[in-house]
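Coordinates in review
Here is what each chain is made of, one letter per residue.
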Amino acid sequence: MADLADLRDRNAAFWSGAAPGWVRHADRQDHWGRRLGAVALEWLRPRPGERILDVGCGCGGTTAELGAAVGPTGEAVGLDLSAEMLAAAVARFPNGRHPRLRFMVADLDTLDVVPGAPFDAVHSRMALMLLADPVTGCRTLRRALRPGGRLAATVFRDGSTTPWLIAAALGAAPHVGALPPLPVGDEPGPFALADPARARRVLAEAGFDDIAVDSHDVTLTAPDDPDTVADWLIEVGPAGAVYRAAGPSRQAAARAGVAALLARFREPGAGYRLPGGLLLLTGRAPA
């Protein structure tokens, strides 16, 4: 396994290359991908007046949802590694119309103190698995919570429960060239916290109490538009950067390759039903 400095550099480079795709598909991520974090929002039950930190907020959709829940007396703060995504978040949810939202660029892997702490709760949709050092990152989150403050996060289970994620890379790769190095073992990536025992151990070592790790099966729905759905999944996945660098004919071939692998999840005229296996990680800061 690479050392932490190398993993952090690799993370920064990957998300710099991935950001344009996430920005382009921000609305689709919010709507088509919402089920990936819904169980964390349901468990968290944000209350009016609370201050909530949204870790790995991307282009701000989940932060805005949290902000609506905490109302005019609360605050939702989105944190992400990508300055480009946060610029999109600020543009999508301007302060004049969303005065209780705030966004900050920070790398949780190296952040010792979260500005604005303490928070009542921490929320994260599909981000903790991307940390180079999840114990250290989660320890920072625990310190950012008030005593008794709560954490709710989702991560992927193993790849067999989310076959479309792998299909988007396998279908595109032959047409767009070599992908970035894929994660090995516990390296940061979609399945780094897929083992419930490891996920529980990370939260325990970070100092959380009342830890629970629960499996959930969800279904993402998308319209019956194979080209657009393939484009979305390629752009937000590991093939996104090389796909954008390819010419139009190679991009079209990549979309067709992904659409062929996704055909089993499509009902013509009705749309796509994409299965997903998640873990919901929850815990509380010591009172």
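Whatever comes next refers back to the structure up there.
Values in this document were obtained by computation on a predicted structure and should not be read as measured data.

Calculation notes
- The numbers attached to residues start from 1 for each chain and follow its sequence in the written order.
- Where local features are concerned, this predicted model is filtered to residues with pLDDT of at least 70; where side-chain atom pairs are given and counted, the filter is 80 or more; whole-chain, interface and lining totals use all residues.
- Water and hydrogen atoms were dropped before computing side-chain values, which therefore reflect all heavy atoms in the structure.
- Numbered from the N terminus, helices here are DSSP runs of H or I no shorter than four residues, and strands are runs of E no shorter than two.
- Per-residue accessibility, obtained with a 1.4 Å probe over protein chains only, is compared with the maximum for each type, and a residue is labelled buried under 20%, exposed over 50%, and partly exposed between these values.
- When charges are counted, Lys and Arg contribute as positive and Asp and Glu as negative, whereas His and the chain ends are disregarded.
- To locate a charge, the coordinates of NZ of Lys, CZ of Arg, CG of Asp or CD of Glu are taken.
- In protein, a polar contact means a hydrogen-donor-capable atom and an acceptor-capable atom, both N or O and within 3.5 Å, with residues adjacent in sequence counting only if both atoms are side-chain atoms; elsewhere, any N or O pair within 3.5 Å suffices.
- Only heavy atoms matter for contacts: two residues are in contact if any of them lie within 4.5 Å across the pair.
- In this analysis, the expected span of each helix is defined as 1.5 Å times one less than the number of residues it contains.
- Using protein atoms alone on a 1 Å grid, points that fit a 1.4 Å probe yet trap it form a cavity, whereas open point sets bounded by protein on both sides within 12 Å along at least five of seven lines form a pocket; residues with an atom within 4 Å of a point count as lining.
- Grid points are joined across faces, edges and corners, and a volume is the space filled by probe spheres set on the points.
- Any residue outside Ala, Val, Leu, Ile, Met, Phe, Trp, Tyr, Cys, Pro, Asp, Glu, Lys and Arg is labelled polar, Gly included; the first ten of those are nonpolar and the last four are charged.
- Note on definitions: salt bridges are taken to be side-chain nitrogens of Lys or Arg within 4 Å of carboxyl oxygens of Asp or Glu.

Focus on the overall build of the chain
If you tally the helices and strands in the chain, you get eleven helices and eight strands. Referenced to the eigenvectors of the C-alpha coordinate spread, the extents of the chain come out at roughly 55 × 45 × 30 Å. A total of 287 residues make up the chain; the buried ones form 52% of that total. The centroid of the 30 positive side-chain charges in the chain is displaced by 4 Å from the centroid of its 32 negative side-chain charges.

Some remarks on unusual backbone geometry
For the bond running from Ala117 to Pro118, omega is 10 degrees, close enough to zero to count as cis. Even without being a glycine, Met126 presents a positive backbone phi close to 60 degrees. Inspection of the secondary structure assignment puts Met126 in the loop between β4 (119-125) and α6 (134-144). Backbone geometry places Asp210, a non-glycine residue, at a positive phi of 50 degrees. For Asp210, the position within the fold is in strand β6 (residues 209-222).

So, the side chain of Glu75
Along the chain, Glu75 turns up in strand β2 (residues 75-80). Among the polar contacts listed, one links the side chain of Glu75 to the side chain of Arg51, at a separation of 2.9 Å. Excluding residues that lie within four positions of it along the chain, Glu75 makes contacts with Glu50, Arg51, Ile52, Val70, Arg100 and Arg102.

What to know about helix α11 (residues 248-262)
Here α11 contains 15 residues, and its C-alpha end-to-end distance of 21 Å stays within 8% of the 21 Å for a straight helix at 1.5 Å per residue. For α11, the complete set of buried residues consists of Gln251, Ala254, Arg255, Gly257, Val258, Ala259 and Leu262. Those residues of α11 that are buried are in contact with α7 (163-176), α9 (226-235), α10 (240-245), β7 (266-267) and β8 (271-284).

Describing the layout of surface pockets
The calculated volume of the second largest pocket comes to roughly 190 Å³. What lines the second largest pocket is a set of 14 residues, among which Asp30, His31, Gly61, Thr62 and Glu65 lie closest to the centre. Listing elements by their share of the lining of the second largest pocket, those giving two or more residues are α2 (26-32), α4 (61-70) and β4. Of the residues assigned to the lining of the second largest pocket, the class counts are three nonpolar, five polar and six charged.

Side note on the environment of His25
As for its placement among the helices and strands, His25 is situated in the loop between α1 (4-24) and α2. Under the relative-accessibility criterion, His25 is labelled buried at 1%. The spatial distance from the C-alpha of His25 to the C-alpha of Leu233 is 9.3 Å, given a sequence separation of 208 residues. Residues within four places of His25 in sequence aside, it is in contact with Asp231, Trp232, Glu235 and Val236.

Comments concerning the pattern of salt bridges
In the structure shown here, the tally under the stated rule is 18 salt bridges. Ionic pairing is found between Arg10 and Asp6, a salt bridge with its closest N-O pair at 3.1 Å. Linking Arg10 with Asp6, this pair stays in helix α1, spanning four residues, or about one helical turn. Accessibility expressed as a relative area gives 29% for Arg10, which makes it partly exposed. You can call Asp6 partly exposed: its relative accessible area is 33%. Note that Arg24 and Glu235 form a salt bridge whose closest N and O atoms lie 2.4 Å from each other. Placement of Arg24 in helix α1 and of Glu235 in helix α9 is noted, with a sequence separation of 211 residues between them. Owing to a relative accessible area of 52%, Arg24 belongs among the exposed residues under this scheme. Classification of Glu235 as buried rests on a relative accessible area of 2%. When salt bridges that share partners are traced, they join Arg24, Asp231, Glu235 and Arg244 into one network.

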